[in-house]
Amino acid sequence: MQVTEKKNKTLPIDCKHFIDGQYIPSFNQKTFLNINPATEEVLGSVSEGGELEIDLAVKAAKRALKGEWKQFTSNQRAAVLRKIGDGILARKEELAALEAMDTGKPYDLALEVDITRSAHNFYFFADYITTLSSESHMQDQTALHYTYRRPVGVVGMINPWNLPLLLLTWKLAPCLAAGNTAVMKPAEWTPMTATVLAEICKDAGVPDGVVNVVHGFGANAAGSALTEHRDVDAITFTGETKTGSAIMKAAAPTLKKLSFELGGKNPNIIFADSDLDEVIETTLKSSFMNQGEVCLCGSRIYVQRSIFDEFIDKFVAKTKELKIGDPFEEGTKVGAVISKEHYEKVLSYIEIAKEEGGTILTGGSRPASIEKGCFITPTIITGLSRDSRCVREEIFGPVVTVMPFDSEEEVIEWANDTHYGLGATIWTNDLRRAHRVAHQIEAGIIWVNTWYLRDLRTPFGGMKQSGLGREGGIHSFEFYSELSNITIKL
């Protein structure tokens, strides 16, 4: 794979599959183009895999389960994971550039958040694997019961395009820590950092066949082949709710273990007693970071009526200050959305908001100064009802709706009036209210007076149609391993 050495230079960058320790093209030599959403230029070609490539990768992963990887102790696996983390940081500028070109996100964001956290995922699970203990129970001096944890097997990983390396490493690190092997299918729009990660893993001492990458599309292609394969023991997926439902159906005949982190339409609840300047600063991030293409973004903003006008004035003013444009230009806060297709989808929701009686306070269109690329100015909408499509459906772009509320009971009802349940944010300086409201919000992760703050030991995941299962700390190992109870009669 030819990779970039300077931010957005050295093209083309071609991506091949990585199977059994080698980069290979598709059997039929079929490829598709990788497009930079910020410039609309061709970054390179990507090998298009399907059933044959998936089968080859799964067979390699299955063989590797019984090879030298099986003999690695937890300390040896931990050492390899630390080397992977080191390898990521050693190439952090290169990886950040690839991520910015693939996704359209600001280079500085990719460097400071995506790449740094990707390395941390490996460091964390390298440490965590050495602390795991097993249960043991003495039964009336007649028997000893203890648990034995073993790898679940071959794990299929289907990754999204919004945080390509960060979310892939969030899956791969615990997968390898538990002794499994992996077949990864990156999103077709963002293939580059996954391709480089495979090389980093090999250089860190991961045996051939343990980590495999197959590029391609989802339905009726590489994604379907992976979810349906009889020798894949588990599937972990991050992406749209509809896709998660399709994967569940495809995996049902073989009863695979499943872990889903799906869509979100997260409430951001702002009470009048909160620190408004602190609220504005964080809400800018929770609304428009990564162009709003984060499943945890607080796209439904509810503000207590007594401070609604003040909030709107300050929020709109600060939003207008956000620099939008070239991801590699210093100070850029908002880059391009992922593709022309997604660009059209986000703009269509803004038109729907207008039809539904909404008022666009700022944004809502392409920046006048930018001719090329999938750029949308950060958009704030008011005047919509709680039944509006823009309030109820996941837009996944730099678009938020803001509504006033009067009572605590009212905003809790509105916040829970959704089939999603991924995240929520509550702003208040009333300690009792913070606990009281948090306990009533139907979401997997709830922040109070902050957003996007994570401790990797804690459970992460959604309820309702936002996910299945939890990740993080021991919760990751519950998915990536199988427990046996062993009983010894004394």
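Residues numbered from 1 in each chain as written. Predicted model: local features only at pLDDT ≥ 70, side-chain atom pairs only at ≥ 80, totals over all residues. Heavy atoms only, no water.

1. Here's the deal with the overall build of the protein chain
The helix and strand inventory of the protein chain stands at 15 helices and 20 strands. For the protein chain, buried positions account for 58% of its 490 residues. As displayed, the protein chain has an accessible area near 20,300 Å², and 50% of this comes from carbon and sulfur atoms. Each charge class in the protein chain was averaged separately, 52 positive and 64 negative side chains, and the resulting centres sit 5 Å apart. (Helix = DSSP H or I, 4+ residues; strand = E, 2+ residues; numbered from the N terminus. Buried < 20%, exposed > 50% of the residue type's maximum accessible area, 1.4 Å probe, protein only. Areas by Shrake-Rupley, 256 points an atom, 1.4 Å probe, with all protein chains shown as cover. Lys, Arg positive; Asp, Glu negative; His and termini not counted. Charge placed at Lys NZ, Arg CZ, Asp CG, Glu CD.)

2. With respect to the packing of helix α13 (residues 408-416) against helix α14 (residues 431-440)
Relative orientation of the contacting elements α13 and α14 amounts to 35 degrees, with a least axis distance of 10 Å. Remark: the crossing between α13 and α14 carries right-handed chirality. In this structure, α13 contributes Glu408, Ile412 and Asn416 to the contact, and α14 contributes Arg433, Arg436, Val437 and Gln440. Looking at the contact of α13 with α14, its residues break down into two nonpolar, two polar and three charged. (Axes fitted to C-alpha atoms, helices over the stretch in contact; angles between N-to-C directions. Left-handed = near helix turned anticlockwise from the far one by under 90°. Contact = heavy atoms within 4.5 Å. Nonpolar A, V, L, I, M, F, W, Y, C, P; charged D, E, K, R; others polar.)

3. Comments concerning a nonpolar patch on the surface
Among the surface-exposed residues, Met138, Tyr146, Tyr148, Ile488 and Leu490 lie close enough to one another that they form a single nonpolar patch of about 490 Å² accessible area. Positionally, Tyr148 belongs in strand β6 (residues 143-151). (Patch = residues over 30% accessible without salt bridge, like charges linked within 9 Å, V, L, I, M, F, W, Y side chains within 5 Å. Salt bridge = Lys/Arg side-chain N within 4 Å of Asp/Glu carboxyl O.)

4. Some words on the packing of aromatic side chains
Any aromatic ring pair is given by two values, namely how distant the centres are and how the planes are angled relative to each other. Going through the model one piece at a time under the given rule, you end up with 19 aromatic pairs. Summarising the aromatic geometry, the rings of Phe288 and Phe315 are spaced 6.1 Å apart at their centres and angled 10 degrees between planes, so their arrangement reads as stacked. On the criterion of sequence distance, the pair formed by Phe288 in helix α9 (residues 276-288) and Phe315 in helix α10 (residues 305-321) is long-range, its members being 27 residues apart. For the pair Phe288 and Phe315, a shared accessibility class is recorded, and that class is buried. Summarising the aromatic geometry, the rings of Tyr302 and Trp414 are spaced 5.9 Å apart at their centres and angled 50 degrees between planes, so their arrangement reads as tilted. Pair noted here: Tyr302 is in strand β13 (residues 300-304) and Trp414 is in helix α13, with a separation of 112 residues, a long-range link. On the basis of relative accessible area, Trp414 is assigned to the buried category, the value being 13%. Sitting above the plane of the Phe271 ring, Arg433 keeps its charged end 4.2 Å from the centroid. (Phe/Tyr/Trp six-rings, centres within 6.5 Å; stacked < 30°, edge-to-face > 60°. Lys NZ or Arg CZ within 6 Å of the ring centre and 35° of its normal.)

5. Focus on α13
Where α13 is concerned, the buried positions are Glu408, Val411, Ile412, Trp414, Ala415 and Asn416. Tucked inside the fold, the buried residues of α13 contact β12 (267-270), β13, β16 (399-405) and α14.

6. A word on the side chain of Gln304
Counting through the fold element by element, Gln304 comes out in strand β13. In this structure the side chain of Gln304 is engaged in a polar contact, spanning 3.4 Å, whose partner is the backbone oxygen of Asp406. If sequence neighbours within four positions are ignored, Gln304 has contacts with Ile270, Phe271, Ala272, Phe405 and Asp406. (Polar contact = N/O pair within 3.5 Å; in protein donor to acceptor, adjacent residues only side chain to side chain.)

7. Considerations on the sheet that holds strand β5 (residues 136-139)
Strand order in the open sheet formed by three strands is β5-β6-β20, and the pairing between neighbours is antiparallel. Edge positions in the sheet fall to β5 and β20 (481-489), since each has one partner strand and no second. In this sheet, neighbouring strand axes are inclined to one another by 25 degrees on average, regardless of whether the strands run parallel or antiparallel. Bridge count between β6 and β20: nine bridges; the pairing is antiparallel. Counted as the bridge partner of Thr147 is Asn485 from β20. (Pairing = 2+ DSSP bridges.)

8. Quick look at the UniProt feature "active site" (unreviewed entry) in the protein chain
When the UniProt feature table is mapped to this numbering, "active site" (unreviewed entry) covers Glu261. Relative to the elements of secondary structure, Glu261 occurs in strand β11 (residues 257-261). Those residues within four positions of Glu261 in sequence are excluded, and the remaining contacts are Phe237, Thr238, Gly239, Cys295, Leu422, Phe460 and Ser466. (UniProt positions renumbered as here; feature names shortened; annotations may be inferred.)

9. Focus on the environment of Asp326
Topologically, Asp326 is positioned in the loop between α10 and α11 (340-355). According to the relative accessible area criterion, Asp326 is partly exposed, its value standing at 36%. Along the sequence, Asp326 and Gly216 sit 110 residues apart, while their C-alpha atoms lie 28 Å from each other.

10. Some remarks on helix α2 (residues 74-90)
Over its 17 residues, α2 runs 24 Å from end to end, which matches the ideal 24 Å to within 8%, given 1.5 Å per residue. Inspection of α2 places Arg77, Ala78, Val80, Leu81, Ile84, Gly85, Gly87 and Ile88 among the buried residues, and these make up the whole buried set. Tucked into the core, α2 has its buried residues touching α3 (92-103), α4 (107-129), α5 (164-177) and α6 (192-203). (Expected span 1.5 Å × (residues − 1).)

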